[in-house]
Amino acid sequence: MLGDADALAAAGCPEAKDWHIASDDYYGTNYQAEYDPHTIAGQAQQLIKKQEAHVAKVSRLSGATTGTN
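First, a word on what this report is: a plain description of the structure on this page. (Residues numbered from 1 in each chain as written. Predicted model: local features only at pLDDT ≥ 70, side-chain atom pairs only at ≥ 80, totals over all residues. Heavy atoms only, no water.)

Quick look at the overall build of the protein
Working step 1: Check the secondary structure of the protein and you find 2 helices and 0 strands.
Working step 2: Relative to the 2.2 N^0.38 estimate, which gives 11 Å for 69 residues, the radius of gyration of the protein is 20 Å and therefore markedly larger than a compact globule would have.
Working step 3: Each principal axis of the C-alpha distribution contributes one length, and for the protein these read about 65 × 30 × 20 Å.
Working step 4: Within the structure as shown, the protein displays about 6200 Å² of accessible surface, and the carbon and sulfur contribution to it stands at 57%.
Working step 5: Across the protein, the centroid of the 5 positively charged side chains sits 20 Å from that of the 9 negatively charged ones. (Helix = DSSP H or I, 4+ residues; strand = E, 2+ residues; numbered from the N terminus. Rg over C-alpha atoms; globule rule 2.2 N^0.38 Å. Areas by Shrake-Rupley, 256 points an atom, 1.4 Å probe, with all protein chains shown as cover. Lys, Arg positive; Asp, Glu negative; His and termini not counted. Charge placed at Lys NZ, Arg CZ, Asp CG, Glu CD.)

What follows is the structure, encoded as C-alpha cells:
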C-alpha cells in the first residue's frame, strides 16, 4: 500500500498534499444560484461577475449600445 505522498506522486500530483478540501456542505449552489466562495467554482463565479461588471462599465463609458432592435 502506498502512503498519501507516494500515491499522490504516482498519480502525478504531488502538490495535491497542499490542496484544501472543503466540507461537502460547501458544494452546490445556494437559493440564489451562487457557489460558496470557499470553492473554486465560487471563486470563478465571483471573478466572472466582476469581469461582467467591468465590461458593462467600459461599454457604458464608451457610449456603445447593446441590445436587440
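Now, onward.
Section: the pattern of salt bridges
Working step 1: Applying the stated criterion across every chain yields a total of 2 salt bridges.
Working step 2: Among the ionic pairs, Asp 18 bridges to Lys 17, the shortest N-O distance being 3.2 Å. Of the two residues, Asp 18 and Lys 17, both sit in the exposed class.
Working step 3: Residue Glu 34 pairs with Lys 49 through a salt bridge whose shortest N-O separation is 2.8 Å. Taken together, the residues span a long stretch of sequence, with Glu 34 in the loop between α1 (4-10) and α2 (40-62) and Lys 49 in helix α2 at a distance of 15 residues.
Working step 4: Given the relative accessible area of 28%, Glu 34 is considered partly exposed. (Salt bridge = Lys/Arg side-chain N within 4 Å of Asp/Glu carboxyl O. Buried < 20%, exposed > 50% of the residue type's maximum accessible area, 1.4 Å probe, protein only.)

With respect to the environment of Thr 29
Working step 1: Tracing the backbone shows Thr 29 in the loop between α1 and α2.
Working step 2: It is 29 Å that separates the C-alpha atoms of Thr 29 and Val 58, two residues lying 29 residues apart in sequence.

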